[in-house]
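What the coordinates show
The primary structure of each chain is shown beneath.
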Amino acid sequence: MNNNTVTEKKKRIFSAIQPSGTITLGNYIGALQNWVKLQDDHECIYAVADLHAITVRQDPKAFRQNILNAYALFLACGVDTEKSIFFIQSHVHTHAELAWILNCYTQFGELSRMTQFKDKSAKHADNVNAGLFTYPSLMAADILLYQADLVPIGADQKQHLELTRNIAERFNGIYGNTFRVPEGYIPQVGARVMSLQDPKKKMSKSDENVNAWVGITDSPETIMKKFKRAVTDSEARVCVGEGKDGINNLIGIMSAVTGKTNDEITAEFEGKGYGDFKTKVGEAVVEKLRPIRESFEKYVADKAYLEEQYRKGAEIAEKISIRTLDKAKKKIGYLPR
Ligand code: TRP
């Protein structure tokens, strides 16, 4: 007998995005587009992180709709429930439960050093709740429950992943091997899409200036308007360069939505002005997002289908994650029920 029948085990991926009402072009290029690609040669588990979302106050009616919209939007982007496990975090009780346990293996000092906590608590000074502080242990629970090998994340989540690794290693150090220590996976292309108005800042839907970001369900007219207004520089040459943050960003976006390299884009726009370039980037984005918007509209109109899918996802996620949770509880010394 030979080994030909033994196929190599696929690496397991876990990632999640908060339901925030709008998903920006930055979320799409930086996260979702990669989630979709990874499905072919990895075992992917994805979630709508609605437990994390209540670290800021949510209006119940809007929140419910945002969660459902996020689920539909990710399907529209190509998250495929035949290939991947895709669920809503609050539907799987193991997350909150392991998060509590991990809280007891995470130091106050560690959480205090998280730059996202510092930024967010400065921004929401009137609601610096304990959840905001322990947010990273919930994120660690999300990841460790599934024994993930790889975690696709944006650069802003690197510190949280580092903490996840530390928590896992600490727990494993005390009790023996319990959690797989995950690696971060920061995609090469389009890791960071910047604001169209202030290209030194990350594109964010919480930006006061609505022209700074593009929502993936924005109308073609809105998208074109925002790209035409995008901030550039005074050099008037379409090429990547220092001090050309606006153009660098637009080239990055163009590359991410068309698959062309920076050099190909530079060659294509040789001798052309920024006005022309901005229009072409806008058009490329419109074409990329059109099928997503259309498919999103179909999914949100079919609530029964969405329910069927997220239930199926939650059932599978629960089964997998309970195994890890039980293992951790047993190691700590909890009595089985
Ligand atoms: N904190 C992440 C964000 O805001 C979302 C998230 C929650 C996540 N749980 C996760 C990302 C687990 C990766 C893995 O972007």
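Residues numbered from 1 in each chain as written. Predicted model: local features only at pLDDT ≥ 70, side-chain atom pairs only at ≥ 80, totals over all residues. Heavy atoms only, no water.

**Some remarks on the pairing of strand S3 (residues 85–88)**
Side chains Ile85 and Phe87 of S3 all project onto a buried face; the interleaved residues Phe86 and Ile88 project onto the opposite face, where all are buried too. By the bridge criterion, 4 bridges tie strand S2 (residues 42–48) to S3 in an arrangement that is parallel. Residue pairing for S3: alanine 47 is matched across the bridge by phenylalanine 87. (Buried < 20%, exposed > 50% of the residue type's maximum accessible area, 1.4 Å probe, protein only. Helix = DSSP H or I, 4+ residues; strand = E, 2+ residues; numbered from the N terminus. Pairing = 2+ DSSP bridges.)

**Here we look at the domain arrangement of the chain**
Partitioning the chain into structural domains gives domain 1 (8–191 + 303–332) and domain 2 (210–298). Buried area between domain 1 and domain 2, both sides added, is near 1200 Å², and the carbon and sulfur share of it is 78%. In terms of surface lost to domain 2, no three residues of domain 1 exceed Leu25, Tyr28 and Ala76, which account for 40% of the buried area on that side. Joining domain 1 to domain 2, the criterion identifies 0 salt bridges. In this assembly, domain 1 and domain 2 are joined by 3 residue pairs in polar contact (both at pLDDT 80 or more). Elements supplying a minimum of two residues to the side of domain 1 that touches domain 2: helix H1 (25–38) and helix H3 (60–77). Looking at which element gives the most residues to the side of domain 1 that touches domain 2, the answer is H3, with 5 residues. Residue composition of the side of domain 1 that touches domain 2, grouped by class: 9 nonpolar, 4 polar and no charged. (Domains from an automatic or database assignment. Buried area = accessible area lost by both parts, 1.4 Å probe. Salt bridge = Lys/Arg side-chain N within 4 Å of Asp/Glu carboxyl O. Polar contact = N/O pair within 3.5 Å; in protein donor to acceptor, adjacent residues only side chain to side chain. Nonpolar A, V, L, I, M, F, W, Y, C, P; charged D, E, K, R; others polar.)

**Re unusual backbone geometry**
Backbone geometry places glutamine 147, a non-glycine residue, at a positive phi of 55°. Inspection of the secondary structure puts glutamine 147 in the loop between helix H7 (130–145) and strand S4 (150–152). Positive phi values are uncommon outside glycine, yet alanine 236 reaches one of about 60°. By secondary structure assignment, the location of alanine 236 is in the loop between helix H9 (220–228) and helix H10 (245–258).

**Looking at the nonpolar core**
Note that soluble globular proteins tend to have their nonpolar side chains buried in a common cluster. Counting 60 residues, the largest nonpolar core has Phe74 and Phe227 as the members making the most contacts within it. The element that contributes the greatest number of residues to this core is H3, accounting for 11 residues. The two domains that each donate at least three residues to this core are domain 1 (8–191 + 303–332) and domain 2 (210–298). Leaving out residues up to four positions away in the same chain, phenylalanine 74 has contacts with Ile17, Ile23, Leu32, Trp35, Val48, Val79 and Phe86. (Core = buried A, V, L, I, M, F, W, Y, C linked by side-chain atoms within 4.5 Å. Contact = heavy atoms within 4.5 Å.)

**Digging into the site of the ligand**
Looking at the ligand, there are 13 residues lining it, with Ala16, Tyr135, Met139, Asp142 and Gln157 nearest. Residue tyrosine 135 places a side-chain N or O atom 2.8 Å away from a nitrogen atom belonging to the ligand. At 3.2 Å, a side-chain N or O of glutamine 157 approaches a nitrogen atom of the ligand. Compared with its free state, where it exposes 360 Å², the ligand has 89% of that area covered by protein. Looking at the shell around the ligand, the elements that each hand over two or more residues are strand S1 (11–17) and H7. It is H7 that provides the largest number of residues to the shell around the ligand, a total of 4 residues. Class assignment for the residues of the shell around the ligand results in 8 nonpolar, 4 polar and 1 charged. (Near = heavy atom within 4 Å. Areas by Shrake-Rupley, 256 points an atom, 1.4 Å probe, with all protein chains shown as cover.)

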